[in-house]
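Coordinates in review
Given next are the chains, with one letter for each unit.
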Amino acid sequence: MAGFQDIIGQEQIKEHLRNALATGKVSHAYIINGEKSSGKEFIAKVFAMALQCEQGQMDPCQECRSCKQALSGNHPDIIYVTHEKPNTISVDDIRRQVNGDVAIKPYSAPRKVYLIGEAEKMTVQAQNALLKTLEEPPEYAVIILLTSNVNTLLPTIMSRCVMLHMKPVADELVKEYLCGQLQIPDYKAEVCAAFARGNIGRAKALASSEDFENVKSEALSLLKYIQDMELNEIIAAVKKITEYKLEINDYLDICAIWYRDALLFKATNDVNHLIFREEIQALRRTAQRSSYEGIESIIKALDTAKKRLDANVNFELVMELLMLTIQENS
């Protein structure tokens, strides 16, 4: 399936695009800005398919020849701009695939739709080349830029595009999607939704990641027994985590959610709103052992560790300081 109804959340973007289709007031250029894996590519594909649909409705019919071509990725008038260099979209890429192509009329559809993924990778020269097309686009051209960092785009590009910002999807909707569409068990879906922070693609990846399950159980067993461990045992346990493919931030997030649960349980004595409620016995022990100030110090230390690692401070040093803070306050 690939219609507007399959987009989870993002009500404002859906409303804007469906309204453009209903009124025929389609812009020549759009920027969809949102973090990696947030679903912007899917939205762009649905919109492109709807623009080319032979039924001319607000939603793509998914049945006509044009929709079937779009679904298979072989529509001659939906052009996916590619780039050979992994971190750069060059001026040649834009000249060859957009500027050099846009003057040719559509092959079989009313429009030509260009999708430029990872648009933040366009060099300044590539952006200036694209600007020429954006300034005088042919009637039938629609250019959609997808970016995870809109600040890398020139103000002149931004001023010529309709800007659409992805919003974090509510945890409840993410959980519903994981349980309904992917048949993920309730408890696991809740944990993945909490970690994904409103990013549907990230939630899907975590739900199907074996590493995530392993890292979660390693992290929780460390947190449960940390006050009885020697520092060298703690460091060995942390080193083991780095063997997995997940980022260290996921590990720190697991720790942060554990201590937020402990804080919440300490304050309310209520199990219902806890993410790790299946671990209630261990959480109760953590909550009883630590003071409010102690748990808050740990949560703060986890945030500091993230910032230090982002700034490339020595990994072992950062983790040692963090674990000492956790141990002192547990």
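To be clear, the structure that these remarks concern was listed above.
Residues numbered from 1 in each chain as written. Predicted model: local features only at pLDDT ≥ 70, side-chain atom pairs only at ≥ 80, totals over all residues. Heavy atoms only, no water.

1. Examining the packing of aromatic side chains
- Summed over all chains, the structure comprises two aromatic pairs.
- A ring pair is formed by Tyr30 and Phe47, whose centres lie 5.3 Å apart and whose planes are at 85°; its orientation type is edge-to-face. Taken together, the residues Tyr30 in strand E1 (residues 29-33) and Phe47 in helix H2 (residues 40-52) connect sequence positions 17 residues apart. As far as burial versus exposure is concerned, Tyr30 and Phe47 are alike and both buried.
- Pairing Trp258 with Phe276 gives two aromatic rings, centres 6.0 Å apart and planes at 45°, and the pair type is tilted. Of the two residues, Trp258 is situated in helix H12 (residues 248-268) and Phe276 in the loop between H12 and helix H13 (280-289); the sequence distance between them amounts to 18 residues.
- If you follow Lys266 out to its NZ or CZ, it ends over the ring of Tyr292, 5.4 Å from the centre. (Phe/Tyr/Trp six-rings, centres within 6.5 Å; stacked < 30°, edge-to-face > 60°. Helix = DSSP H or I, 4+ residues; strand = E, 2+ residues; numbered from the N terminus. Buried < 20%, exposed > 50% of the residue type's maximum accessible area, 1.4 Å probe, protein only. Lys NZ or Arg CZ within 6 Å of the ring centre and 35° of its normal.)

2. Here's the deal with the nonpolar core
- In terms of nonpolar packing, the biggest core is built from 57 residues, with Leu178, Tyr251, Phe276, Leu322 and Met323 touching the most fellow members.
- Ranked by residue count, the leading element in this core is H12, at 11 residues.
- Discounting chain neighbours no more than four positions away, the residues touching Leu178 are Gln183, Ile184, Ala189, Cys192, Ala193, Ala203, Lys204 and Ala207.
- Membership of the second largest hydrophobic core comes to 30 residues, among which are Ile32, Ile43, Ile144 and Met166. (Core = buried A, V, L, I, M, F, W, Y, C linked by side-chain atoms within 4.5 Å. Contact = heavy atoms within 4.5 Å.)

3. Details of a nonpolar patch on the surface
- Nonpolar side chains collect at one region of the surface, where Val313, Leu317 and Leu321 lie side by side and expose about 240 Å² of accessible area between them.
- Note on placement: Leu321 falls in helix H15 (residues 315-329).
- The class for Leu321 is partly exposed, based on a relative accessible area of 43%. (Patch = residues over 30% accessible without salt bridge, like charges linked within 9 Å, V, L, I, M, F, W, Y side chains within 5 Å. Areas by Shrake-Rupley, 256 points an atom, 1.4 Å probe, with all protein chains shown as cover. Salt bridge = Lys/Arg side-chain N within 4 Å of Asp/Glu carboxyl O.)

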